[in-house]
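# Topology and contacts: notes
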Amino acid sequence: MTTTPAPSTLIDRLGVARFIPSSRFSSVLVTLVLLIVMFGIGTSRYRNFASPQNIANLFVDNSFLIVLAVGMTFVIITGGIDLSVGSVVALSTMIAASMARDGWPPAVVIATVLLAGTTLGLLSGLVIHYFKIQPFIVTLAAMFLARGLCYVISLNSISITDTWFTAMAQTRIPLAFRLNITPSVIIAIIVVIVGFIVLHYTRTGRTVYAIGGGEHSAMLMGLPVSRTKVLVYAISGFCSAVAGVLFTFYTLSGYSLTAVGMELDAIAAVVIGGTLLTGGYGFVLGSLLGVLLLGIIQTIISFEGTLSSWWTKIVIGSLLLVFIVLQRVLTARRN
Amino acid sequence: MNKVLNLTRSRLFWPIVTLVALLVLNVAVAPGFFSIRIQDGHLFGSVIDILRNGAPTILVALGMTLVIATRGIDLSVGAVVAISGALACTIIADSPEPGSVGTVLSAVAVSIVFSLVLGSWNGFLVSVLGIQPIIATLILMTAGRGIAMLITEGQIITVSSAPYKVIGAGYWFGLPVSIIIAGVMFAIAAVLTRKTALGLLIESVGINPEASRLAGIRSRGIIWTVYVFSAVCAAIAGLMISSNVTAADANSAGLYIEMDAILAVVIGGTSLAGGRYSLLGTLIGAFVIQTLTTTVYTVGIPAEVTLVFKALVVIAVCLLQSPVVQARLNRKKPAPVAAQPTGVAA
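Residues numbered from 1 in each chain as written. Chains lettered and ligands numbered in written order. Predicted model: local features only at pLDDT ≥ 70, side-chain atom pairs only at ≥ 80, totals over all residues.

## Concerning the overall build of chain A
Helices and strands together make up the secondary structure of chain A, namely 14 helices and four strands. Relative to the 2.2 N^0.38 estimate, which gives 20 Å for 335 residues, the radius of gyration of chain A is 20 Å and therefore close to what a compact globule would have. The buried share of chain A, taken over its 335 residues, is 50%. Taking the contacts inside chain A whose residues are at least 6 apart along the sequence as the reference set, 79% of them involve residues at least 24 apart. (Helix = DSSP H or I, 4+ residues; strand = E, 2+ residues; numbered from the N terminus. Rg over C-alpha atoms; globule rule 2.2 N^0.38 Å. Buried ≥ 20, exposed ≤ 12 C-beta atoms within 10 Å, placed from the backbone. Contact = placed C-beta atoms within 7 Å.)

Written out as structure tokens, the structure is:
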């Protein structure tokens, strides 16, 4: 599905690209400006919108999506895609809830969840690399498999009464006067920082970019392509499992039908955050901005009150369109 | 001997083997599987059920095959299914005479016309703006369900209209109407693409868009057409699904149908890399998917394991068809390569 853009497309012929400043950060800058504009709209329309707690809640309500987006950024930079993340989140909540119900200690529960998610990602990566099947199809099958395993565990929702999980859900960490966050936010921020360092300051990260830029050239350069390509899917699986744990804290239950379509939110956040879907180009911090932008839109829609929730989907779809066209313009310029 | 080897090399070999194996498994477990009885002038039986329930998947997979042949993909079909069902049901429910044939026909017409618009939108993004198909259709996939909910205002719209119910649950000449519609669409697609040069042009666009453009093929128009066709197929499937349950549910109608359709195409032996495609293979692939679902019930696999079972079969088929396994299988059988007839598969 990697088509070389034909020079006959409208964007190339109009030459709009000439009028847009070419910088590594153009797309992210647009996201940042949009974030500020959205925030301005919210602040001017509603009282309390700019309250510190409301901003902190952006992180509280989207901590799992932040973690998912970090994992997805790795995969998309290599030019792949991981459609299984939403199902893996659901599977993680199911494993956590059912094990907590059976009285396993929380450390064992979380270790099992992380192991399960990482293994599933690792298996997808191995199949993608060694059988040369498109990432899209393999992670689609993984999506079915993970969702199916949820049903095998239980068809009904399992609520969690374990004291440790309840404590994690209810603990508020005070930052300042009347401003607090949940432990999940701290975990999400740690994931972002680790993701940022690995992607931008290590050899592994450089190989990830190289694979996205051109797998064959990366191989000719002697970079460990096979290992890294499998690794990114394992990373995405691990991040999905972490997101699943955070989601368990958030909802305090496990349910098979939860997180349907969450993979789309994650992909949308990554794209809006300036990562090229063709690979080779993107930032972890951009994805964080993408998640925050989606979060702010959701907050505005809930503050508005009269707007129905399905407007969220339409707005996210329109935003995706804007950013994809923008990406297209920027790549047209680079070519 | 060579004939046997050629047979195993045919792209349709593994899909047919899978389908036959599933059917044999069904007969072994339930000996009356193939029995068809006539009741109230209609045909009844497991096989008829597979045909009836498989019709929407066949339709969506049919459109998807042509899109995939141009090296594209259409993720938005599930959303189009939801939109067309929502539109038709809302029009019928709001009309003063929900039971009249005229109302139903106009509702169907509006849905199909709207799907033309949706398909043109996808085609515009892919062929004119040059956006990758997977991304371009992702937009409608995300926004589409929102549009469907906007139409139904977040409610599940139920309709009681006898003429509308015919589309998804009616019978003509003893056969389910839905499978007849799917069959007609299939025949139209097969005749249009295999009896004219259209199929060849689609394949050439899929193999190398730039080269075919230089060769004088209007690749933009062809790409545009396949996305419109895919949306129309999805819209008809949406009408069938909503008619079968006499309700439009913007959230769950057509959920994951794009996955089933893509899998049907892949199982049918059409490469996701574009180029050569097989409509017949897609038909077999869609039957494999539908039979798989039925098998789960006949064999008595608990309903909760269905999805795992489906995933495992899909993984197995994908692995079997992967270039690596194919190369290894072919290496073991170094028979003279007879020139395979191309382009007659439909």
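That covers the picture; the talk isn't over yet.
## Some thoughts on the overall build of chain B
Across its full length, chain B carries 15 helices and six strands. Taking 346 residues into account, the globule formula puts the C-alpha radius of gyration at 20 Å, and chain B, at 21 Å, falls close to it. For chain B, the spread of C-alpha atoms along the principal axes amounts to about 70 × 55 × 35 Å. Scored against the burial criterion, the 346 residues of chain B give a buried share of 51%.

## Focus: the interface of chain B and chain A
Each partner contributes to the interface: chain B provides 40 residues, whereas chain A provides 43 residues. It is helix H6 (residues 133–152) of chain B that provides the largest number of residues to the side of chain B that touches chain A, a total of twelve residues. Here the residues of the side of chain B that touches chain A are counted per class, giving 28 nonpolar, six polar and six charged. (Nonpolar A, V, L, I, M, F, W, Y, C, P; charged D, E, K, R; others polar.)

## Details of the packing of helix H3 (residues 52–77) of chain A against helix H13 (residues 284–304) of chain A
Residues and elements named next belong to chain A. Across the interface, H3 lies against H13 with an axial gap of 9 Å and an inter-helix angle of 145 degrees. Two packed elements cross with a definite hand, and for H3 against H13 that hand is right-handed. Of the residues in H13, those in contact with Leu58, Asp61, Asn62, Leu65, Ile66, Ala69, Val70 and Thr73 of H3 are Val284, Ser287, Leu288, Gly290, Val291, Leu292, Gly295, Ile296 and Thr299. When the residues that make up the contact of H3 with H13 are grouped by side-chain class, the tally is ten nonpolar, six polar and one charged. (Axes fitted to C-alpha atoms, helices over the stretch in contact; angles between N-to-C directions. Left-handed = near helix turned anticlockwise from the far one by under 90°.)

## Focus on the nonpolar core
Formed by 210 residues in total, the largest nonpolar core has its most connected members in A:Val67, A:Leu68 and A:Leu320. When residues in this core are grouped by element, the largest group, 16 residues, is from helix H11 (residues 219–244) of chain B. Contact partners of A:Leu320, with chain neighbours within four places excluded, come to A:Ala268, A:Val271, A:Ile272, B:Leu138, B:Ile139 and B:Thr142. (Core = buried A, V, L, I, M, F, W, Y, C linked by C-beta atoms within 7 Å.)

## A closer look at helix H8 (residues 183–201) of chain A
Residues and elements named next belong to chain A. Compared with the 27 Å implied by 1.5 Å per residue over 19 residues, the 27 Å span of H8 between its first and last C-alpha is a close match. Residues of H8 that are buried: Ser184, Val185, Ile187, Ala188, Val191, Val192, Gly195 and Leu199. When H8 is viewed along its axis, its buried side chains cluster within an angular range of 160 degrees and face the same direction. When the buried face of H8 is taken as reference, the exposed residues oriented beyond 90 degrees from it are Ile190, Val194, Ile197 and Tyr201. Where the residues of H8 are buried, they touch H3, strand E3 (179–181), helix H9 (203–213), helix H11 (225–251) and H13. (Expected span 1.5 Å × (residues − 1). Arc of directions from axis to C-beta.)

## Quick notes on H3(A)
Along H3(A), the helix axis deviates most sharply at A:Asn62, where the bend reaches about 70 degrees. Immediately beyond the C-terminal end of H3(A), within one or two residues, lies A:Gly79, with a positive phi of roughly 90 degrees. (Bend = angle between axes of the 7 residues up to and from the residue.)

## Some details on the packing of helix H5 (residues 106–130) of chain A against H11(A)
Residues and elements named next belong to chain A. Where H5 meets H11, the closest approach of the two axes is 7 Å, and the angle between their N-to-C directions is 150 degrees. One finds that H5 runs roughly antiparallel with respect to H11. Crossing handedness for the pair H5 and H11: right-handed. Here the contact of H5 with H11 is built from residues that sort into 16 nonpolar, eleven polar and one charged. (Parallel < 35°, antiparallel > 145°, perpendicular 65-115°, else oblique.)

## Describing the pairing of strand E2 (residues 173–176) of chain A
Residue and element names in this part refer to chain A. As paired elements, E2 and E3 share three bridges and run antiparallel to each other. Within E3, the position partnered with proline 174 by the bridge is asparagine 180. Connecting the antiparallel pair E2 and E3 is a turn made up of two residues, with arginine 178 showing a positive phi of about 55 degrees. (Pairing = 2+ DSSP bridges.)

## Here we look at the confidence of the model for chain A
For chain A, per-residue confidence averages 86 on the pLDDT scale, and residues scoring 70 or more make up 91% of the total. In this model residues 1–7 of chain A is a low-confidence stretch, pLDDT under 50, and it forms 17 contacts with partners more than four residues away in sequence or in other chains. (pLDDT = per-residue confidence, 0-100.)

## Some points on the environment of A:Arg178
Here A:Arg178 is to be found in the loop between E2 and E3. Distance in space between the C-alpha atoms of A:Arg178 and A:Gln53 is 7.5 Å, their sequence separation being 125 residues.

## Considerations on unusual backbone geometry
Residue and element names in this part refer to chain B. Phi at arginine 71 takes a positive value of approximately 70 degrees, unusual for a residue other than glycine. Its place among the elements puts arginine 71 in the loop between helix H3 (46–69) and helix H4 (77–94). Residue arginine 71 is classed as buried on the basis of its C-beta count, with 21 C-beta atoms lying within 10 Å. Phi is positive for threonine 246, close to 45 degrees, though the residue is something other than glycine. Of note, threonine 246 is situated in the loop between H11 and strand E6 (247–248).

## Let's talk about the confidence of the model for chain B
Residues and elements named next belong to chain B. On average, residues of chain B score 84 in pLDDT, and 92% of them are at 70 or above. When the criterion is pLDDT under 50, residues 334–346 qualifies, and its contacts beyond four places in sequence or with other chains add up to 17 contacts. Scored as a whole, the predicted complex attains pTM 0.82, and scored at its interfaces, ipTM 0.74.

## Quick look at the environment of A:Ser124
Residue and element names in this part refer to chain A. Tracing the sequence through the fold places serine 124 in helix H5. Take serine 124: there are 30 C-beta atoms within 10 Å of it, and that puts it in the buried class. A C-alpha to C-alpha distance of 6.7 Å links serine 124 and tyrosine 233, two positions 109 residues apart in sequence. Residues in contact with serine 124, not counting those within four places in the same chain, are Ser84, Val138, Thr139, Ala142 and Tyr233.

## Focus: the environment of B:Ile267
Residue and element names in this part refer to chain B. By the secondary structure assignment, isoleucine 267 is in helix H12 (residues 257–267). Here isoleucine 267 falls in the buried class, since 28 other C-beta atoms lie within 10 Å of it. For the pair isoleucine 267 and threonine 282, spaced 15 residues apart in sequence, the C-alpha separation works out to 7.3 Å. With near-sequence residues (within four places) excluded, isoleucine 267 lies in contact with Pro15, Gly285, Val288 and Val317.

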